[in-house]
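Descriptive analysis of the structure
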Amino acid sequence: MGFVACGGDDSSSAGIVDESSSSAEIFSSSSFLEDPSSSSIVSSDSAGNNVAPKITEISATIIEDTLDLFYYGCMNLNFKADSFLTIFEIGDVVTLVVDGYDTLDVPVVGYRGDVSVSEYLLSVGDGSGYVTFEVLNGDPAEAIGIGREVKFPINVSVKMKEKGGYIKYLEMRQHLTMSYYLEAYPTLSIEEFANFRKVNTTGMGEGVLYRSSSPIDPSLGRNLYADSLAKVAGVATFVNFAETMESAMTYRDLAGSYYATQNVVFLGVPPAFVNKVFKDGLVKGYRFMIENEGPYLLHCTYGMDRTGFSIAVLEALMGATAEEIKTDYAKTFMNYCSVVGNMQVALTQDHVDLLKNIIAMNLRNSYHTVGVDISDFNNVDLAAATEKYLVALGMEQAEVDALKNRLKSVQTNNE
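Notes on the structure follow. (Residues numbered from 1 in each chain as written. Predicted model: local features only at pLDDT ≥ 70, side-chain atom pairs only at ≥ 80, totals over all residues. Heavy atoms only, no water.)

1. Looking at the sheet that holds strand β11 (residues 197-198)
Sheet strands pair via backbone hydrogen bonds, and the direction of the pair is either parallel or antiparallel. Read from one edge to the other, the open sheet built from five strands follows the order β11-β12-β15-β13-β14, with strand pairing classed as mixed. Whereas interior strands pair on both sides, the edge strands pair on one side only; in this sheet they are β11 and β14 (263-266). Direction of pairing for β11 relative to strand β12 (residues 209-212): antiparallel, over a ladder of two bridges. When the sheet's bridge partners are listed, K198 is paired in β12 with Y210. Set on the sheet, helix α9 (residues 276-291) makes contact with β12, β13 (237-240), β14 and β15 (296-299); between it and β14 the angle comes to about 165°. (Pairing = 2+ DSSP bridges. Helix = DSSP H or I, 4+ residues; strand = E, 2+ residues; numbered from the N terminus. Contact = heavy atoms within 4.5 Å. Axes fitted to C-alpha atoms, helices over the stretch in contact; angles between N-to-C directions.)

Written out as structure tokens, the structure reads:
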């Protein structure tokens, strides 16, 4: 599922609101000013000279462009990017309020590729000339409940949340480099190179659940290792988030693989954790696990994003702590990154800590779309919240119970 740069027009007016403005003023019909400068409040310095007010908030509307909004999922604000950058900077974290729909904290970045998979963002350089609200690999309009029956205008405000709060992550991205060759990873085991590991967080049965990079896609140079390790582990059921059956059949190594002799469900879903297409695939994959015996192995291409999310949900369901979930997620990046000059250099603890926050953010955002609050990720009852999440996605409580039973121990369909 691909998404292209969003377009827009300049048919609507936008306003700048100083930090003393109330939310009621922001969302009143009269607050969208023809002259943005008229919303400023002039103050004086100690010498009595007028100084410009400190602007920390703007008001705008969503441009009524049904192609971008309903096909690409991009939401252009009627606020020019160059003007926006006189108030906010790349690397700031802002609070975005879409009136009547949702309130989200999002980073300001140049391009959608500057954020992690399935993360919300405000981009200023994606080609439209306007500030654009997006989700990497996803559809923000669907995620916050904007449907085709929407009435325009949709009022929006953007307010500073944390100045420079995203800078560290942007700087870290230069370290997220990998190699296709085992020789670049002299300190890793074969298991680590293939990103193959048993999931052994709290509550998970011994030897029941595994995760890895793709055992069939040769593009990463890891598939033969992953397939062989799955055979040694006795994996009986594979859940493939990356491919459809048709696309998987094109891989040259599939026919002779261990993988091809076992139970496999091909989901072929994008890493769009806040959107229905991924959520439906998640439920289909979990139902396949209920219907087939373990041990189970979940994978996508890298075993990083779609696998990381789906494994984290299962870990949470079974009672894993927040720290266990975050640590397991970050392990994948420690296996792949950071390769400099054809040799892996260990990530710093600061890098690892930032990566741990990604899975917490992805889970929070996806759970939030169905009304399940795990904003206090480190302290909330993740197991109970995850049961609610799965039921909200369409699973019956009996199915959730059956999934938990499957993950407690390896069982056959007759047990």
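2. Digging into the nonpolar core
Within the largest apolar cluster, 68 residues are counted, with the highest numbers of intra-cluster contacts made by L209, M289 and L363. Elements represented by at least two residues in this core include exactly α5 (167-172), α9, β15, α10 (306-317), α11 (322-336), α12 (349-368), α13 (382-392) and α14 (397-408). Looking at which element gives the most residues to this core, the answer is α12, with eight residues. Dropping the residues within four chain positions of it, L209 is found in contact with R197, K198, V199, M204, M289, Y296, L298, I311, L314 and L407. Counting 34 residues, the second largest nonpolar core, distinct from the first, contains F70, L96, V106 and V108. (Core = buried A, V, L, I, M, F, W, Y, C linked by side-chain atoms within 4.5 Å. Buried < 20%, exposed > 50% of the residue type's maximum accessible area, 1.4 Å probe, protein only.)

3. A short note on unusual backbone geometry
In this chain, F152 is followed by P153 through a cis amide linkage whose omega measures 5°. Note that P153 resides in the loop between α4 (140-143) and β10 (155-162). Following G294, the chain continues to P295 via a peptide bond in cis, the omega torsion being 0°. Looking at the secondary structure, you find P295 in the loop between α9 and β15. A positive phi angle is found at S118, which is not glycine, with a value near 70°. Along the polypeptide, S118 turns up in the loop between β7 (102-109) and β8 (120-123). You can call S118 buried: its relative accessible area is 1%. Although it is not a glycine, N137 adopts a positive phi angle of roughly 70°. Following the sequence through the fold, N137 ends up in the loop between β9 (130-135) and α4.

4. Remarks on the packing of aromatic side chains
Going through the model one piece at a time under the given rule, you end up with 16 aromatic pairs. Centroid distance F238 to Y259: 4.4 Å. Interplanar angle 45°. Geometry classified as tilted. Highlighted residues: F238 in strand β13 and Y259 in the loop between α8 (245-248) and β14, separated in sequence by 21 residues. The same class applies to F238 as to Y259, namely buried. Between Y367 and Y389 the ring centres are 4.1 Å apart and the planes differ by 10°, which places this aromatic pair in the stacked class. Here the residue Y367 occupies a position in helix α12, and Y389 occupies one in helix α13, the gap between them amounting to 22 residues. Given the relative accessible area of 0%, Y389 is considered buried. One aromatic cluster is present, built from ring pairs that chain together F241, F273, F278 and F309. Between R222 and the ring centre of F193, over which it is positioned, the NZ or CZ distance is 4.0 Å. (Phe/Tyr/Trp six-rings, centres within 6.5 Å; stacked < 30°, edge-to-face > 60°. Lys NZ or Arg CZ within 6 Å of the ring centre and 35° of its normal.)

5. Structural notes on the packing of α10 against α11
When two helices pack together, their arrangement is given by the angle between the helix axes and by the axis-to-axis distance. Interhelical geometry of α10 versus α11 gives an angle of 155° and a closest axis separation of 10 Å. The angle between α10 and α11 falls in the class roughly antiparallel. For the pair α10 and α11, the crossing hand works out as right-handed. Contacts between α10 and α11 pair G308, I311, A312, E315 and A316 from the former with I325, D328 and Y329 from the latter. Residue composition of the contact of α10 with α11, grouped by class: five nonpolar, one polar and two charged. (Parallel < 35°, antiparallel > 145°, perpendicular 65-115°, else oblique. Left-handed = near helix turned anticlockwise from the far one by under 90°. Nonpolar A, V, L, I, M, F, W, Y, C, P; charged D, E, K, R; others polar.)

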